[in-house]
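The primary structure of each chain is shown beneath.
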Amino acid sequence: MEHKIEELIAKMSLEEKIGQLNQESIIADNERIEELKDLARQGKLGSCILAANGLAGDCEQEQFLIGELNELQRCAVEESPLGIPLIYGRDIIHGCRTIFPIPLAQAATWDYDLIRDAASIMSREASYDGVHWTFAPMLDICTDPRWGRIIECPGEDPLLGKMVAKASVDGIQGEDMSQPGKLAACAKHYIGYGASQAGRDKDPTEWSDYTMHNRALPAFEEAVDAGIATVMSAFNDISGQPATANKYYLTDVLRGKLGFDGYVVSDWAAIERLNCQGVSDNDLLSAALAINAGVDMDMFDGIYKNNLEQALIQGAVNMETIDEAVRRILRIKFRLGLFDRPYTEDVNTTGRVLTKEYLQKAKEMSAHSMVLLKNNGVLPLKKGEKVAVSGPYAEEKESLMGSWHASGEAKDVVSFFEGVQQVNGIENTLSDCNLAEQSDVCLVALGEDWMITGEGKTMPNIELPEEQVAAIQQAKKLGKKVVAVFLAGRPLAFGDIVEECDAILWAWHGGTMCGLAAAEILFGDFNPCGKLPVTFPRYTGQIPIHYNHNRNEYVLSGYYEHHPYVSTVGDSTPLYAFGEGLSYTEFVYDNFRCNKTDTAFEITFDIHNKGKFDGFEIAQCYIQDVVASMARPIKELKAFQKIYIKQGETKTVTMRLTREDLSFYDGRGNKVFEPGDFKLEIGTSSRHSCFTITEYLDFR
Ligand code: NOJ
């Protein structure tokens, strides 16, 4: 392959080389189609993004006609001088036709297999539409729920981020991405986009290299290790250095340290926007800054297409840099098998998408992602019990798919009300809490509209709207049992209503099958097992809030006890902590044993299921580096296991920590292991530990 690539590069004109770096937008019934075909014939087009604008997550997308895409491909393959195929990309983020829970909810499953399987299904569905490449997974670590894009990310924890990265790449690309139904994946947004200030989308990020390496980088590192084909450069700047012109992160770190050999695509018009960021006042300079930093493909704005030749003549860019970018892009086109199979077969997708099997998987994942936050014993409900379903999201469908729902259609979604009807019977399910006189329980569907989540969306505060608080209070006044079901993308601060609710289920924007999955949990068909991948604050003023913040004098024994002065306005602890989530059964941990070898420290323990339900438990292992050369987090998740335990059964679990797990990046981007005391903790969440030990560890 490398030989073929060199042969091609040797034959390519400069225009053709620049053409490979050029990605244009294509939409169904495109007015520009003739222009695009001409570009393809001349070899001046390398890729198309199937999106109408930069906020594709908000758009209803027309179905693409395979014939149109194949015809454009034909112009490139059969009519251009070298016949290099185009690569078509689209944002297939958490489903194509079958919509799975939003990525943040997927992280709440803590389940590699489920995330891999969902990624694999969405890729297969998208492949029927002619898509070769998806702009997923999004791997931004985020601690600010005001940011609309928190819904797309794996949460606040680097280890969970790594798991999501690997599962997504494995699911999207498989072992060989040239196989049918597989796509090239794209790790985004590199880097630090999830830490934009105050959750304002595209605002600067002020994370030091130390924080960036320890928090933002690990998930990308894992994606690279898993063989990810592409990476997308982010919109934000990092302490003044735009991510899209950032040679240190794009080249020294990504390629030099992590060994990435695929290509980097800019985010939508991010090269043009170097102007807005004020590091450039002309497009030629922007092109030079981006390509010299390591951005290989230019998404949408035509800055490379229109400026690279001149930049080369002026000496702002050299030929070797352009050749290297072309080389990386061709490598992925070869790996994808596009040279052998450039066309998409036009198959009838009926019976191939939204299949029973896919819907079943979507329901399973949705159920696993849901987090039971409170239960005073009312749940599970008895089937046949009269329930009233109310609240602004009871009959909602579209929002359940969340932002970036690709070709998902509201008509395919099971609403919460429909889900309850299916599980509990139409005759036992009333449509309004005002009818609660005749019911035993009020189920109140709260949450948020999908249109206030996603790209370009920032909430000034995340408190629950008054009318939603009122909906709970009204239900409570009726003197019935009250169960709140939240259908939301981001954590919301709903401390005011916790007391009024007998139970709270966090069901997220859980995809096509969300309503049914939630109902099955409420009525005991499925025992909830999701655990929070992000901290839920009590009020907006606590943001940014995350369990793994660096130690300081206010951190006394565990999670947030800092800022005692905050107590004048409220409790400084989180409403719900990272890793929390209840079950209908009771898991008891005991019999802890430790074993130290030259290369690892192992903690083995038993978990008994002492309750009346079978179920999954997610056991977590945290460490604290007691004395280090840098301030380290209060605690860091270093291992976890999701285990299925039948009622009455006991399972033995072993968590293993190695030198790698106990290492961290110093301020200069070097990974260091500092022997010394480590506090090790086994718990059911970041706030509830069952076993703690401090050990001196010095591993090879
Ligand atoms: C902008 C978004 O930031 C990115 O995530 C997405 O992949 C591109 N637009 C393409 O739609």
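Source: prediction; values computed, not measured.

1. Concerning the overall build of the chain
In terms of regular secondary structure, the chain is built from 18 helices and 25 strands. Its C-alpha atoms give the chain a radius of gyration of 26 Å, near enough to 27 Å, the size a compact globule of 700 residues would have. Each principal axis of the C-alpha atoms in the chain carries an extent, and together these give about 75 × 60 × 45 Å. Out of the 700 residues belonging to the chain, those deemed buried represent 64%. As presented, the chain carries roughly 24400 Å² of accessible surface, and 47% of it is formed by carbon and sulfur atoms.

2. Observations concerning the sheet that holds strand β11 (residues 371–375)
Pairing is mixed across the open sheet formed by six strands, whose spatial order is β11-β16-β15-β14-β12-β13. The open sheet has two free edges, formed respectively by β11 and β13 (429–430), since each of these has just one partner strand. Bridge count between strand β15 (residues 481–487) and strand β16 (residues 503–506): four bridges; the pairing is parallel. Residue alanine 484 lies in a different strand from β16, and its bridge partner there is isoleucine 504.

3. Looking at the domain arrangement of the chain
What the domain assignment reports for the chain is domain 1 (2–90 + 186–228 + 230–335), domain 2 (356–539) and domain 3 (587–697). The gap between the C-alpha centroids of domain 1 and domain 2 is 40 Å. On the domain 2 side, the residues contacting the 15 residues of domain 1 number 13 residues. Here domain 1 is connected to domain 2 by two salt bridges. Between glutamate 455 and lysine 202 there is a salt bridge whose closest N-O contact spans 3.0 Å. At the surface where domain 1 touches domain 2, the tally comes to seven residue pairs in polar contact (both at pLDDT 80 or more).

4. A closer look at empty space enclosed by the protein
Enumeration according to the criterion identifies six cavities of 30 Å³ or more in this entry. Quantified by volume, the largest cavity comes out at close to 180 Å³. Lining the largest cavity we find 17 residues, and of these Ile93, Pro103, Gln106, Pro137 and Ser168 sit closest to its centre. Of all the elements in the fold, those that place two or more residues in the lining of the largest cavity are α5 (103–107), α6 (112–128) and α7 (158–173). No other element matches α6, which puts four residues into the lining of the largest cavity. In terms of lining, the second largest cavity is formed by 16 residues, of which the most central are Gly54, Asp91, Asp267, Trp404 and Glu455. Looking at side-chain class alone, the lining of the second largest cavity contains eight nonpolar, three polar and five charged residues.

5. Let's talk about the site of the ligand
Lining the immediate surroundings of the ligand are 15 residues, of which Asp91, Arg149, Lys188, His189 and Asp267 lie closest. Contact distances for the ligand include 2.6 Å between an oxygen atom and a side-chain N or O atom of histidine 189. Protein chains shield 100% of the accessible area of the ligand, which is 290 Å² for the free molecule. Judged by the proximity of its atoms to the pocket grid, the ligand belongs to the second largest cavity. Each residue belonging to the shell around the ligand can be placed in one class, and the counts come to eight nonpolar, two polar and five charged.

6. Comments concerning the sheet that holds strand β18 (residues 600–609)
In spatial order, the strands read β17-β18-β21; together these three strands make up an open sheet with antiparallel pairing. With partners counted over all chains shown, the strands left at the sheet margins are β17 (587–596) and β21 (650–658), one partner each. Strand-to-strand, the axes of this sheet are offset by a mean angle of 20°, without reference to chain direction. Note that β18 and β21 share nine bridges and pair antiparallel. Residue pairing in the sheet places threonine 604 in a bridge with threonine 654 of β21.

7. A short note on the packing of helix α13 (residues 356–369) against helix α17 (residues 514–522)
Contact geometry of α13 with α17 gives a least axis separation of 8 Å together with a crossing angle of 55°. One finds that α13 runs oblique with respect to α17. In this structure, the crossing between α13 and α17 has a hand that is right-handed. Packed against α13, whose contacting residues are Lys363, Ser366 and Ala367, the element α17 presents Cys514, Leu516, Ala517, Glu520 and Ile521 at the interface. Its residues assigned to classes, the contact of α13 with α17 comprises five nonpolar, one polar and two charged.

Quick notes on the rules
- Residues numbered from 1 in each chain as written.
- Predicted model: local features only at pLDDT ≥ 70, side-chain atom pairs only at ≥ 80, totals over all residues.
- Heavy atoms only, no water.
- Helix = DSSP H or I, 4+ residues; strand = E, 2+ residues; numbered from the N terminus.
- Rg over C-alpha atoms; globule rule 2.2 N^0.38 Å.
- Buried < 20%, exposed > 50% of the residue type's maximum accessible area, 1.4 Å probe, protein only.
- Areas by Shrake-Rupley, 256 points an atom, 1.4 Å probe, with all protein chains shown as cover.
- Pairing = 2+ DSSP bridges.
- Domains from an automatic or database assignment.
- Contact = heavy atoms within 4.5 Å.
- Salt bridge = Lys/Arg side-chain N within 4 Å of Asp/Glu carboxyl O.
- Polar contact = N/O pair within 3.5 Å; in protein donor to acceptor, adjacent residues only side chain to side chain.
- 1 Å grid on protein atoms, 1.4 Å probe; cavity = no way out; pocket = protein on both sides within 12 Å on 5 of 7 lines; lining within 4 Å.
- Points joined across faces, edges and corners; volume = space filled by probe spheres on them.
- Nonpolar A, V, L, I, M, F, W, Y, C, P; charged D, E, K, R; others polar.
- Near = heavy atom within 4 Å.
- Sits in = over half its atoms within 2 Å of the grid points.
- Axes fitted to C-alpha atoms, helices over the stretch in contact; angles between N-to-C directions.
- Parallel < 35°, antiparallel > 145°, perpendicular 65-115°, else oblique.
- Left-handed = near helix turned anticlockwise from the far one by under 90°.

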